[in-house]
Amino acid sequence: MIEKLVGARFSVNTLLTFLLISLLTLALLMPVLVMFYQGAFAPFSLFSHLWQTVLPQYLSNTVWLGFNVVMLSLLFGGLSALFLHFLPIAGANYLRWLLLLPLAMPAYLIAYLYTDLFDYAGLIQRFLRATFDWQSPNDYWFFDLRTLGGASVIIALVLFPYVYMITRTALENLDPKLLQASQSLGVSPWRGIKRVILPLVRPALAVSASLVLMETLADFATVQYFAVNTLTTAIYDTWLGYSDLATANALASILLLLVFFVVVLEQKSRSKLNAQSQNIALAQTLFKPHKLMLWFATAFCWLLVIAGFLLPLALLLVMAWQYSDSQQLSLLMTIGGNSIYVAGIAATVALLLAIVFTFYRKFSLTTFRQFPLGLSSLGYAIPGTVLAMALLSTFGPIDFWINDIAAAFDLERPGLVLSGTIFAVVFAFVVRFMAIANGTINTGIDQIPDNLIKAAKSLGSGHFSILRRVYLPLLKPSLLVAWLLVFVEAMKELPAVLLLRPFNFETLSTYIYQLISDEQLEQGALGAILIVIFGLIPIIWLNRKQEV
Amino acid sequence: MLKKLIVAAAMLLTSVSTLVSAADEVNVYSYRQPFLVEPMFNKFTEQTGIKVNVVFAKKGMAERLAREGQYSPADILLTTDISRLIELQDKKLLQAVNSQVIDGAIPAHLRDDNNQWFSLTTRVRNIYSAKRMGDVALNYEDLALPKYKGRICTRSGKHPYNVALVASMVAHHGEAKTQEWLEGVKENLARKPQGNDRGQVQAIHQNLCDLAIGNSYYFGKMINDEKQKVWADAVNINFPNQANRGAHINVSGMAMAKYAPNQTAALALMEFLVSEQAQQMYAEVNMEYPVRAGVKRSALVDSWGEFTADDLSLATIAKHRKTALMLLDKVQFDL
Amino acid sequence: MATSPIIDINTLDVVIDEKAILNQVSFSLSAGEILGLVGPSGCGKTTLLNAIAGFLAPVTGEITIDGKPCFSTNTTVAPEHRHIGVIFQDYALFPHMSVAENIAYGISQYDKHSQQEKVKKLIAMLKLEGFESRYPHQLSGGQQQRVAIARALAPEPKLLLLDEPFSNIDARLRNELMIELRQLLKSLSMTAVFVTHNKDEVFTFADKIAVMHQGHILQFGHPVEVCKQPCSWQVADFLQLGSWLNATLYHDKLDTPLGLLSINNEFDRQDNQIALLIKPQHLKVMVDQHGESVIQHINITEQGYHYIVAPVSSKHDYQLSVYSEQVIQIGQQVQLSIIEHDYILFRRDNGMS
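Residues numbered from 1 in each chain as written. Chains lettered and ligands numbered in written order. Predicted model: local features only at pLDDT ≥ 70, side-chain atom pairs only at ≥ 80, totals over all residues. Heavy atoms only, no water.

Overview of the sheet that holds strand β16 (residues 283-287) of chain C
Residues and elements named next belong to chain C.
- Taking strand neighbours across the sheet as the criterion, the five strands line up as β16-β20-β17-β18-β19 in an open arrangement whose pairing is antiparallel. Where the open sheet ends on each side, the last strands, each with one partner, are β16 and β19 (320-324). Taking each pair of neighbouring strands and ignoring which way they run, the sheet shows an average axis angle of 40 degrees.
- The pairing of strand β17 (residues 293-301) with strand β20 (residues 333-338) spans two bridges and is antiparallel. (Pairing = 2+ DSSP bridges. Helix = DSSP H or I, 4+ residues; strand = E, 2+ residues; numbered from the N terminus. Axes fitted to C-alpha atoms, helices over the stretch in contact; angles between N-to-C directions.)

Notes on the environment of Arg132 of chain B
Residue and element names in this part refer to chain B.
- Looking at the secondary structure, you find Arg132 in the loop between β5 (117-130) and β6 (152-153).
- Residues Arg132 and Leu208, spaced 76 residues apart in sequence, show a C-alpha to C-alpha distance of 13 Å.
- Residues within four places of Arg132 in sequence aside, it is in contact with Ile204, Asn207, Cys209 and Asp210.
- A distance of 3.0 Å separates polar atoms of two side chains, one belonging to Arg132 and the other to Asp210. (Contact = heavy atoms within 4.5 Å. Polar contact = N/O pair within 3.5 Å; in protein donor to acceptor, adjacent residues only side chain to side chain.)

Overview of the domain arrangement of chain B
All names here are of chain B.
- Its domain assignment divides chain B into domain 1 (24-122 + 250-302) and domain 2 (123-248 + 310-330).
- One C-alpha centre belongs to domain 1, the other to domain 2; they are set 27 Å apart.
- Interface area lost by domain 1 to domain 2 is led by Asn250, Met287 and Tyr289, which between them contribute 34%.
- Applying the counting rule to domain 1 against domain 2 returns one salt bridge.
- Elements supplying a minimum of two residues to the side of domain 1 that touches domain 2: α4 (82-90), β5, β9 (249-257) and α11 (276-286).
- Looking at the side of domain 1 that touches domain 2 element by element, the count peaks at four residues for β5.
- Here the residues of the side of domain 1 that touches domain 2 sort into 10 nonpolar, nine polar and three charged. (Domains from an automatic or database assignment. Buried area = accessible area lost by both parts, 1.4 Å probe. Salt bridge = Lys/Arg side-chain N within 4 Å of Asp/Glu carboxyl O. Nonpolar A, V, L, I, M, F, W, Y, C, P; charged D, E, K, R; others polar.)

Thoughts on the pattern of salt bridges
- What the rule picks out here adds up to 30 salt bridges over all chains.
- Close ionic contact of Glu33 of chain C with Lys208 of chain C constitutes a salt bridge, the shortest N to O distance being 2.7 Å. Here Glu33 of chain C is found in the loop between β2 (19-29) and β3 (34-38), whereas its partner Lys208 of chain C is found in strand β10 (residues 208-213), with 175 residues between them in sequence. As far as burial versus exposure is concerned, Glu33 of chain C and Lys208 of chain C are alike and both buried.
- With its nearest N and O atoms 2.8 Å apart, the salt bridge here joins Arg182 of chain C to Asp207 of chain C. Taken together, the residues Arg182 of chain C in helix α5 (residues 171-187) and Asp207 of chain C in the loop between α6 (199-205) and β10 connect sequence positions 25 residues apart.
- A residue is classified by how much of its surface remains accessible, and Arg182 of chain C, at 22% relative accessible area, is partly exposed.
- Among the charged side chains, a network of salt bridges with common partners joins Arg361, Lys362, Asp446 and Asp450 of chain A. (Buried < 20%, exposed > 50% of the residue type's maximum accessible area, 1.4 Å probe, protein only.)

Structural notes on the interface of chain A and chain B
- Taken together, the contact pairs 64 residues of chain A with 59 residues of chain B.
- Buried area between chain A and chain B, both sides added, is near 5500 Å², and the carbon and sulfur share of it is 59%.
- Scanning the region where chain A abuts chain B turns up one salt bridge.
- For the salt bridge of Asp237 of chain A with Lys158 of chain B, the shortest nitrogen-to-oxygen distance reads 2.2 Å.
- Applying the counting rule to chain A against chain B returns 19 residue pairs in polar contact (both at pLDDT 80 or more).
- No other element matches helix α16 (residues 384-408) of chain A, which puts seven residues into the side of chain A that touches chain B.

What about the interface of chain C and chain A?
- With 27 residues of chain C at the contact, the number on the chain A side is 22 residues.
- Between chain C and chain A lies a buried interface of about 2100 Å² when both sides are counted; carbon and sulfur atoms form 64% of it.
- Our count for the contact surface shared by chain C and chain A stands at zero salt bridges.
- Counting across the chain C and chain A interface gives six residue pairs in polar contact (both at pLDDT 80 or more).

What to know about the UniProt feature "domain: ABC transporter" (unreviewed entry) in chain C
- Mapped onto the present numbering, the UniProt feature "domain: ABC transporter" (unreviewed entry) falls at residues 7-239 of chain C.
- Taken as a whole, residues 7-239 of chain C contains 33% helix and 28% strand, while its terminal C-alpha atoms sit 25 Å from one another. (UniProt positions renumbered as here; feature names shortened; annotations may be inferred.)

Okay, here's the thing in structure tokens:
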């Protein structure tokens, strides 16, 4: 009888949880829905004009850019993770976290620095001309960074740490006996990696690749800098040029569906693999690498760190040295404080929501349980400005309702409660970067053996108790990584904060953007360094504390 | 954990309600970068005690204003291009400002017939030429001549400054002729459209091309920049079409938001921006051409000499904007 | 109260992915009884364990634990409220907790002092002194198992479920450990259900045996009874009670490759194709140059020589097990004879090899 009551209460709980989760999901999904809705009213004429003129080329650029960046990121991140895991690389202790640092480098910044460096007028080509006495571009060949290929390499240089980090975690959770087993079957360790390890870390590769893909396709500033026209170019053209927000939304919807399609396809094709070993790999003993091989691997890892982080940082430092003064520094500290404030709140909120969504997926018995996690991740694939526009369209009506309700109760109208506030900025960050937190925590949770949870249940633990005593302690590294990633991304985010912020509110990214857009990065170099440094603090702190 | 969460939420909420604007403030939504207008604002605050709050974004300010509707805190909008002003007007986001001070300062052809928008400065779309070419008298039409094959640099054709130029070509020559012209220019490009106006001058300096399209004030700014001076030194600034209709000009402008909550303060700021003092600052700091008669150009700008401006109305240019964009797509100018 | 079963399972059906995994499973156990669930892999024994624990929901049926309905058409008690202890094949110790913390996990609602008392008691009981502050990865397999047992026993469950508890234990220690654990459970009067695919474990560890096949419990009872009278050929086959001999039934005579046998037990005479179960002790082997059988394989065991014998002629097909003190060479022809006993007959069906 008592148990029946418990059962009944449970179902009320279930309903309440369901409603709460649905509400949260809906809130995060709102901008996407608004985007779809507005896109549905797109006039066909403009679309067909675009289709007949530039869209096919944009589309092909988009697909190639996505493909290239994903492949390069997998190559950079996957190989460096494998090398570090299996080979005694020189400086491995430093490389472990140095390889994460390019994440702190905003893509638009590195794009600027590298085009500046490699352009015809850049340092490298000037030096070559001076050295070999070439006079004009016709005298020699030099690669053009402002191409699809150049953009792909540069974007991959700052996105590969996703692949590196997630793959490395997956590798460390694999049982080194697997490779021994394969070795005992007469398969060389390298081929063993191909046949055993890669299939097992494929889920990790897939998760990170989809993060990279979404981030690439949502990018505008960088590709514009490289003069590569993609679907996002079309989105901006239709919106700002043709003043046709509906078509812009329709195009953004197409972009989103494209990403969604790729991600779902990948998930479908992937078999369920559960790596459930807690062993720390002793894998390095398995390999007797050739000296040349070791040299190559070491150089590969260090080059990535140099190209993705150290060199751009050095360039910034030189600029800052030449152009900055102490007055600027104090201004930047205030602005930096703003950045940390909004990014910190956004990271915390995203983390808490991701915990709710992943655990709902894990614990709920309803068939609906997968959806909150997936749906709340969609915002990642929307270009920041489109997302900001959708949020304006979302918050506007809500603010109107709030005022109408206040008026109905004879209260003073509160004005805009959501639009143009820090809340709006934080909300945009959360929607935009939810996917990162979701993905990281979900991967972590899948690596916790089911039996542990069953054991906890059989010992009388309810859901919340299991969450607190088993899941959260075991997930600590994943939680920290998730928080860190969202924080760093939010520090770098530009278009949403630009459009949604309140009066007189600058972040480091908006500050630098103003200067970059006026070709005066030199003036903003110090700010750029601050973005990078603020992004570094958590990475270094985490590394000391937790061996990320 | 929960406690921290509540504290965070509370902090969030308090930060939300910092928007309440006092009587002696004025709120500006700006398409112009703050550091270009801040000197004027500071002067204004100094003189009147009215505080100026700014949000700057290059994109989307019109949408933000539209969504905020009657509750928008925005009083004044600043733009860098005529098309943005017309867009705001078309979306019915502006209100008429009837001020003798403003009307007296701005020539009629540089403000709206219904007093909904006003130009603050004008700028010319110049053609820069390499010094090594010597003196050249150029028309925009000449950029399509076969002799300039592989010698022209420009930023994206879709940039508002270029779109306005193309729109003026449509207004003068019609759609078909303009398309031909665009195809010719595209054929002559030394490289895919990229970068900004300064980048094109830099390219001339580096021998990548001989001719570039760019706004007038950049030339002045580059001359004043330590690093960029060498670029500017490599080029001559040319005012096109001087033998016929005159050079294409664009404007930066201002307007009052339809639901401006601080109308008095807003009006004060608008009148200040057309005052001799502010106009002088525009001329000196930004190297633009002041709209107010009698205000002196900066000495540097003045040294470029007098020029004839195309007297095509701004409204006409805005009207042909869409056609211009479609033509740019059609000839795949940026691809 | 004494007569009421600790666990009572009634017509349980479990369906996973539209496939019936458990089919009308029923049994009950009294306090202190240990049940061994055996059967070939995929027979549903682990599923049954999971259903009892509450890790998966049956479609229909009833599960009652210590008089408390835990599952029926309108009740589902969550695993955490069933008061059962579970010991997993991989032990599932919490890697982030020490031995003492693992053991105390299920009794966190007690006050600190009682917790410490209880943990101390269990540490002593399972001979884990000195390991209290170690972490699971610092322990051997056997030690891990002890911790798992201590952890499961701490909340004093009514019922203990063990999933292949001995499969990760060194064979040399296994028997010893089984006896030790059995004594411990008996001393606590603990009711237990354990799953294994090893029939020898059942005979050492269990009071009752349930033989499962394709989601059914084929036979449930005391191990001795089940060995004596298997109710189907699958039971006899899985328990390896003897070897099979094909035979044909004519009235009260059984025609086997080893000669005619008289039978008097009741049997359905409709079907005369018979499988006769021959336990090794019911066979005699004699060396005979003209014998119809031949020694195919010899196992040396502590009970003597264990011979696998096959027919010489290809007309017949059998492989019989027989023990003998006598030394016989492989390939030697022999004469087999069946000692008269209560013959165990089954209808032959397609599943038999």
